[in-house]
Amino acid sequence: MSRLSTAYRCEACGAEAPRWAGRCPECGAWNTLIEETRVTKAHARSAAKAAHPAGHPADVQMLDEVEGDREERHATGLGELDRVLGGGFVPGSVVLVGGDPGIGKSTLLLQAGAYLARQEPVIYVSGEESPLQVASRSRRLGLDCPHLSLVAETHLETIIPVIQKASPRMVVIDSIQTVYSDRVESAPGSVTQLRESTAALVRLAKTTGSALFIIGHVTKEGAIAGPRVLEHLVDTVLYFENDLGSRYRIIRSVKNRYGAANETGIFLMAENGLREVRNPSAIFLSSRLEGVSGSAVTVTREGNRPLLVEVQALVDDAQSMPPRRITVGTDSTRLSLLLAIFNRHSGQSVAGRDVFVNVVGGLRINETAVDLPVLLAVWSSLTDRPLPKDLVAFGEVGLNGEIRPVFGGEERLRESVKHGFKKGLVPRGNVARQGHEAAGDLRVVTRLTECLQAVEDWLQDASA
Ligand code: TYD
Ligand code: MG
């Protein structure tokens, strides 16, 4: 009855191939196909039949009648982490925490584990670092955690009974790439090992009720046996992001069965570990110089919350031809497009000049709301005139020089007002129908020329 078949799987991209080849037909990587035994469909059907013999239909209940309270939640001691988890973690849930090596995954989960371990048992499984290394980090962070157990082990079948016996509140697996199972022949860190170990850990979490945090490194190419291939197996997927050069760390939920996706938490990597950034707008603007040209303030959205950031531009005589157009933190193709719009519709031109754009703080803005502030900063640098210091602007700029509305206008305005911005350039579609609660001087704009005119007016008023 039980028929197993052999297939080949690429360790790089996870694609399946019916026969071995030197090069993966899917991603083109060399020597990455490995043999994998697989249950045939017929076998899977007979196994399913055995589990659910005919004559026993599944239980059906009405949605409205499903009983039970809201899920139980546990705080991690880090409000920003709780926030991305959807208000703390749920017992029995499995959370995958991905990110580049060195971004702070171990630090984050050691801090969260230590907080919990003041009250309840927590197990930290470290395959990356020795117990001494983990302990010395914990001392350096000044953590006090009487109920935190360390397990320096990578063999899955040895780890599982430890967790079953202790039934801790929380388990950290650092990292899934070091874990290997006897049931799979391929090497630790391979796609098959990663999948098999994670699936076993998910079953363990569901049966013990311990919450599992699985750390996964994102490898350089982004896809090589990284956390991506595990996303569908777990309840929640968090990615830790940002440049290692920047001290800020953003943790983002890309999937969450227990909360909103695309929620973000912001941290700062300090000497003594990760510190929450509760008021990110204030931090990102804190080192802004006022009265300098080439600087504009915008409100972007990091996940579901508005965030004030500074966008800088530097326009200089070209040092070479063609001129350079370089952007850090925004889309580079879009910069060329925006500069073409600028040349056509602003009455000014950056032809024959180098243009550099930078988003302060190492942030990346992936939305078109940054179009208008980018062009304002470019204008300001080109003309060497500082923008009004209490001006905030956002909006998409179209090819015809029109200003288009963006998502979440109301919230963006509220955030600007909260931080003392009194002047605003706002797309028409973003202004509420029944008046506006935002105080100050708000200009509703539909064209790029109007924006520049409004800026001129403000600057004239200020000098008058
Ligand atoms: P780590 O948590 O080990 O990263 P990951 O587990 O994602 O690989 O963090 C590594 C970096 O963080 C390391 O380069 C040093 C820095 N760091 C601090 O700046 N302050 C601290 O308190 C700690 C513990 C680490
Ligand atoms: Mg680590």
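All values derive from a computational prediction rather than experimental measurement. (Residues numbered from 1 in each chain as written. Chains lettered and ligands numbered in written order. Predicted model: local features only at pLDDT ≥ 70, side-chain atom pairs only at ≥ 80, totals over all residues. Heavy atoms only, no water.)

Draft legend 1. Examining the packing of aromatic side chains more closely. The full count for this structure, using the stated rule, is two aromatic pairs. Plain terms: the ring middles of F89 and F213 are 5.6 Å apart, the flat faces sit at 90° to each other, and that makes the pair edge-to-face. Placement of the pair is F89 in the loop between α2 (79–85) and β4 (94–99) and F213 in strand β8 (residues 211–217), with a sequence separation of 124 residues. In this structure, R412 packs its charged tip against the face of F394, placed 5.5 Å from the ring centre. Directly above the ring of W458 sits R443, whose terminal nitrogen or CZ lies 4.8 Å from the centroid. (Phe/Tyr/Trp six-rings, centres within 6.5 Å; stacked < 30°, edge-to-face > 60°. Helix = DSSP H or I, 4+ residues; strand = E, 2+ residues; numbered from the N terminus. Lys NZ or Arg CZ within 6 Å of the ring centre and 35° of its normal.)

Draft legend 2. Structural context of the sheet that holds strand β9 (residues 236–241). In spatial order, the strands read β6-β5-β7-β8-β4-β9-β10-β11-β12; together these nine strands make up an open sheet with mixed pairing. In this open sheet, the two strands that pair with only one neighbour each are β6 (148–151) and β12 (273–276). Averaged over neighbouring strand pairs, the angle between their axes works out to 25° when direction is ignored. Direction of pairing for β4 relative to β9: parallel, over a ladder of five bridges. Note on β9: the bridge partner recorded for V97 is L238. (Pairing = 2+ DSSP bridges. Axes fitted to C-alpha atoms, helices over the stretch in contact; angles between N-to-C directions.)

Draft legend 3. Summary view of the site of ligand 1. Around ligand 1, a shell composed of 16 residues is seen, among which G102, S106, T107, A270 and G273 lie nearest. Taking K105, its side chain carries an N or O atom lying 2.8 Å from an oxygen atom of ligand 1. Within the contact set of ligand 1, a nitrogen atom lies 2.7 Å away from a backbone nitrogen or oxygen of A270. Here ligand 1 loses 74% of its free accessible area of 560 Å² to cover by the protein chains. When contributions to the shell around ligand 1 are tallied by element, the ones reaching two or more residues are α3 (105–116), α4 (131–140) and β11 (264–270). Looking at the shell around ligand 1 element by element, the count peaks at three residues for α3. Residues that form the shell around ligand 1 fall into these classes: five nonpolar, six polar and five charged. (Near = heavy atom within 4 Å. Polar contact = N/O pair within 3.5 Å; in protein donor to acceptor, adjacent residues only side chain to side chain. Areas by Shrake-Rupley, 256 points an atom, 1.4 Å probe, with all protein chains shown as cover. Nonpolar A, V, L, I, M, F, W, Y, C, P; charged D, E, K, R; others polar.)

Draft legend 4. The arrangement of unusual backbone geometry in detail. D174 connects to S175 through a cis peptide bond whose omega is 0°. Turning to its location among the elements, S175 is positioned in the loop between β7 (170–174) and α6 (191–208). Of note, the bond from M321 into P322 is cis; its omega dihedral lies within 30 degrees of zero at -5°. Turning to its location among the elements, P322 is positioned in the loop between β14 (305–317) and β15 (325–328).

Draft legend 5. The domain arrangement of the protein, seen in detail. Assigned domains within the protein: domain 1 (4–50), domain 2 (72–278) and domain 3 (283–463). Taken together, the contacts link 17 residues of domain 2 with 10 residues of domain 3. Taking both sides of the interface into account, the surface hidden between domain 2 and domain 3 amounts to around 1,000 Å²; carbon and sulfur atoms contribute 47%. Counting across the interface, domain 2 meets domain 3 through two salt bridges. Here E80 and R305 are joined by a salt bridge, their closest N and O atoms 2.5 Å apart. Linking domain 2 with domain 3 are six residue pairs in polar contact (both at pLDDT 80 or more). (Domains from an automatic or database assignment. Contact = heavy atoms within 4.5 Å. Buried area = accessible area lost by both parts, 1.4 Å probe. Salt bridge = Lys/Arg side-chain N within 4 Å of Asp/Glu carboxyl O.)

Draft legend 6. How the structure looks around the nonpolar core. Core analysis: the largest hydrophobic core is formed by 47 residues, its most contacted members being V350, L372, V374, L376, V378, L425 and V455. Among the secondary structure elements, those contributing two or more residues to this core are β10 (248–256), β11, β14, α8 (332–345), β16 (353–359), α9 (371–383), β17 (391–393) and α11 (448–463). If you tally residues by element for this core, the top one is α9, at eight residues. Taken domain by domain, the makeup of this core includes at least three residues from each of domain 2 (72–278) and domain 3 (283–463). Once residues within four sequence positions are removed from consideration, L425 is found in contact with L372, L376, L391, V392, A393, F394, R443, V445, C451, A454, V455 and W458. With 31 residues, the next largest nonpolar core counts I103, L108, V172 and I251 among its residues. (Core = buried A, V, L, I, M, F, W, Y, C linked by side-chain atoms within 4.5 Å. Buried < 20%, exposed > 50% of the residue type's maximum accessible area, 1.4 Å probe, protein only.)

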